Amino acid sequence: MTTILKLGGSVITDKDRRETVDVPALEAAATAVASAIDTESPVDDLVVVHGGGSYGHYHAEEHGVSTTDGTHDARAALAIHDAMKRLNGHVLDAFGQRDVPALPVHPLSVGARDAEGDLSFSLDSVRTMLAEGFVPVLHGDGVAHAGEGVTVVSGDELVVRLAEGLDADRVGLCSTVPGVLDTNDEVVPEIREFGDVAAALGGSDSTDVTGGMAAKVRALLALGAPAHIFGPDELEAFLAGDAPGTCIDG
Ligand SMILES: Nc1ncnc2c1ncn2[C@@H]1O[C@H](COP(=O)(O)OP(=O)(O)OP(=O)(O)O)[C@@H](O)[C@H]1O
Ligand SMILES: C=C(C)CCOP(=O)(O)O
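Residues numbered from 1 in each chain as written. Chains lettered and ligands numbered in written order. Predicted model: local features only at pLDDT ≥ 70, side-chain atom pairs only at ≥ 80, totals over all residues. Heavy atoms only, no water.

Just so we agree on the cut-off: UniProt positions are given in the numbering used here, feature names are shortened, and annotations may be inferred rather than shown by experiment.
As annotated in an unreviewed UniProt entry, the chain is Isopentenyl phosphate kinase from Halogranum amylolyticum. Its UniProt record gives the chain the following Function (unreviewed entry) comment, quoted word for word: "Catalyzes the phosphorylation of isopentenyl phosphate (IP) to isopentenyl diphosphate (IPP). Functions in an alternate mevalonate (MVA) pathway leading to IPP, a key precursor for the biosynthesis of isoprenoid compounds such as archaeal membrane lipids."

**A few points about the site of ligand 2**
The line we're drawing: Nearness of a residue to a molecule or strand requires only that one of the residue's heavy atoms be within 4 Å of it. Pairing of N or O atoms within 3.5 Å defines a polar contact, subject to two protein rules: one partner must be a possible hydrogen donor and the other a possible acceptor, and residues neighboring in sequence count only if both atoms are side-chain atoms. Residue-level accessible areas treat just the shown protein chains as cover; the underlying method is Shrake-Rupley with a 1.4 Å probe. Under the scheme used here, helices are H or I runs from DSSP no shorter than 4 residues and strands are E runs no shorter than 2 residues, and both carry numbers assigned from the N terminus. Throughout this entry, Asp, Glu, Lys and Arg are counted as charged residues, while Ala, Val, Leu, Ile, Met, Phe, Trp, Tyr, Cys and Pro are counted as nonpolar. The remaining residues, Gly among them, count as polar.
Surveying the vicinity of ligand 2 reveals 14 residues, the closest of which are Lys6, Gly52, His57, Gly155 and Thr210. For ligand 2, an oxygen atom lies 2.9 Å from a polar atom in the side chain of Lys6. In this structure, Gly155 approaches ligand 2 through a main-chain N or O atom, which is 2.8 Å from an oxygen atom. Compared with its free state, where it exposes 320 Å², ligand 2 has 98% of that area covered by protein. Contributing elements (two or more residues each) for the shell around ligand 2: α3 (53-62), α4 (74-97) and α6 (155-165). Residues belonging to the shell around ligand 2 are distributed by class as follows: three nonpolar, eight polar and three charged.

**Examining the UniProt feature "binding site: substrate" (unreviewed entry) in the chain**
Selection rule: Contact between two residues is taken to exist if any of their heavy atoms lie within 4.5 Å; hydrogens are not considered.
According to UniProt, the feature "binding site: substrate" (unreviewed entry) maps to Gly52, His57 and Gly155 in the numbering used here. Spanning 104 residues, the named residues nonetheless gather at one spot, since no C-alpha pair among them exceeds 11.7 Å. Tracing the backbone through its elements, the reader meets Gly52 in the loop between β2 (45-50) and α3. Apart from the residues within four sequence positions on either side, Gly52 is in contact with Gly9, His57, Met84 and Leu87.

**Thoughts on the side chain of Arg113**
Note the following rule: Burial here depends on accessible area, computed with a 1.4 Å probe over protein chains only, as a share of the maximum for the residue type. Under 20% is buried, over 50% is exposed, and the range in between is partly exposed.
Looking at the secondary structure, you find Arg113 in strand β4 (residues 111-113). A residue is classified by how much of its surface remains accessible, and Arg113, at 6% relative accessible area, is buried. At a separation of 3.1 Å, a polar atom in the side chain of Arg113 contacts the main-chain carbonyl oxygen of Gly117. Among the polar contacts made by the side chain of Arg113, one reaches the side chain of Glu157 at a distance of 2.8 Å.

**Focus: the layout of surface pockets**
What counts is decided by this rule: For cavity detection a 1 Å grid was placed over the protein atoms alone, and a set of points counts as a cavity when a 1.4 Å probe fits there but cannot get out; an open set counts as a pocket when protein lies on both sides within 12 Å along at least five of seven lines, with lining residues being those that have an atom within 4 Å of a point. Grid points are joined across faces, edges and corners, and a volume is the space filled by probe spheres set on the points.
Of the voids in this model, the second largest pocket is the one considered here, and its volume is about 310 Å³. Taken together, 14 residues line the second largest pocket, and the ones lying closest to its centre are Ser154, Asp156, Glu157, Val160 and Ala219. Sorting elements by how many residues they give to the lining of the second largest pocket places α6 first, with five residues. Of the residues contributing to the lining of the second largest pocket, the split by class is four nonpolar, four polar and six charged.

**Regarding the sheet that holds strand β5 (residues 119-121)**
The cut-off we apply is this: For two strands to be treated as a pair, DSSP must find at least two bridges joining them. Orientation is described by axes fitted as lines to C-alpha atoms, over the contacting stretch for helices, and by angles from 0 to 180 degrees between their N-to-C directions.
On the basis of which strands lie adjacent, the open sheet formed by four strands has the order β5-β4-β7-β8 and mixed pairing. Among the strands making up the open sheet, the edge pair consists of β5 and β8 (149-153). Between one strand axis and the next, the sheet turns by 40° as a mean value, whatever way the strands run. The sheet contact formed by strand β7 (residues 141-145) and β8 spans five bridges and is antiparallel. Among the inter-strand pairings, Asp141 is bridged to a residue of β8, identified as Val153.

**Here's the deal with the packing of aromatic side chains**
The following threshold applies: Each Phe, Tyr or Trp ring, with Trp reduced to its six-membered ring, pairs with another whose centre is within 6.5 Å; inter-plane angles below 30 degrees give stacked pairs, above 60 give edge-to-face pairs, and intermediate values give tilted ones. A ring has a charge above it when a Lys NZ or an Arg CZ is no more than 6 Å from the ring centre and no more than 35 degrees off the ring normal.
The tally for this structure, following the rule as stated, stands at one aromatic pair. Geometrically, the ring pair formed by Phe230 and Phe238 is stacked, given 5.0 Å between the ring centres and 25° between the ring planes. Here the guanidinium or amino end of Arg170 rests over the ring plane of Phe238, the centre of that ring lying 4.2 Å away. Across from the ring centre of Phe194, 3.8 Å away, lies the NZ or CZ of Arg218, which sits over that ring.

Structure (structure tokens):
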């Protein structure tokens, strides 16, 4: 069973303090992943994607780079990319310490956007890593963008590309919130159309160039498979096959 799991940058970092890992949260997530791949859980082929948190978003904002506005300044593109590689290094360390056979895939070197902003992303390395028993770990990053230089690709976009390209069975986004919240702050169990929750949906409370929760819901509605948004406390349950938080099924 192929599972795509996004660890939100808001979970594994302190999003309000520049380049700060939330060590207990990252360790808890890595422990949940390690025990899921070690047991009879439904997870055999697992791809992990992580977001930018207080790493990529700070640098992207500083240089005025978003998913649509790019830069031709290589130093700016590298500032974003290097920050994401630093965070990716922390994630790989946490996995490695728990014997998760994790290997990095850096989207800057694999993906590109055309002039319309559509993302192409070769899945050869991810597929081969999976077949050889590894856990590929991707991250939000910069990508070359026709006519724009380099723009940001969010982890959420990568999740959609991976889920479609690998025909994933399960898609989970672990964020800081327990799910998509309605206007009374209650978790919405299921979303089938954007209009169902549009009034409650905002961006992110922190520095975030990729659109926060509203962008997440839009991207996941476009996916051909149900996806789940849940909080860190539910990660173990998701990996065990449960359907915690909000199910988004367009
Ligand atoms: N209706 C809503 N329900 C839940 N969260 C919402 C809602 N509207 C806005 N949000 C915001 O969306 C945030 C989650 O999106 P965000 O992009 O910050 O998360 P992430 O994917 O975990 O982090 P990152 O983008 O760094 O990977 C929440 O922390 C909250 O501030
Ligand atoms: C800002 C960068 C480089 C990554 C954004 O990824 P996201 O946090 O998944 O939206």
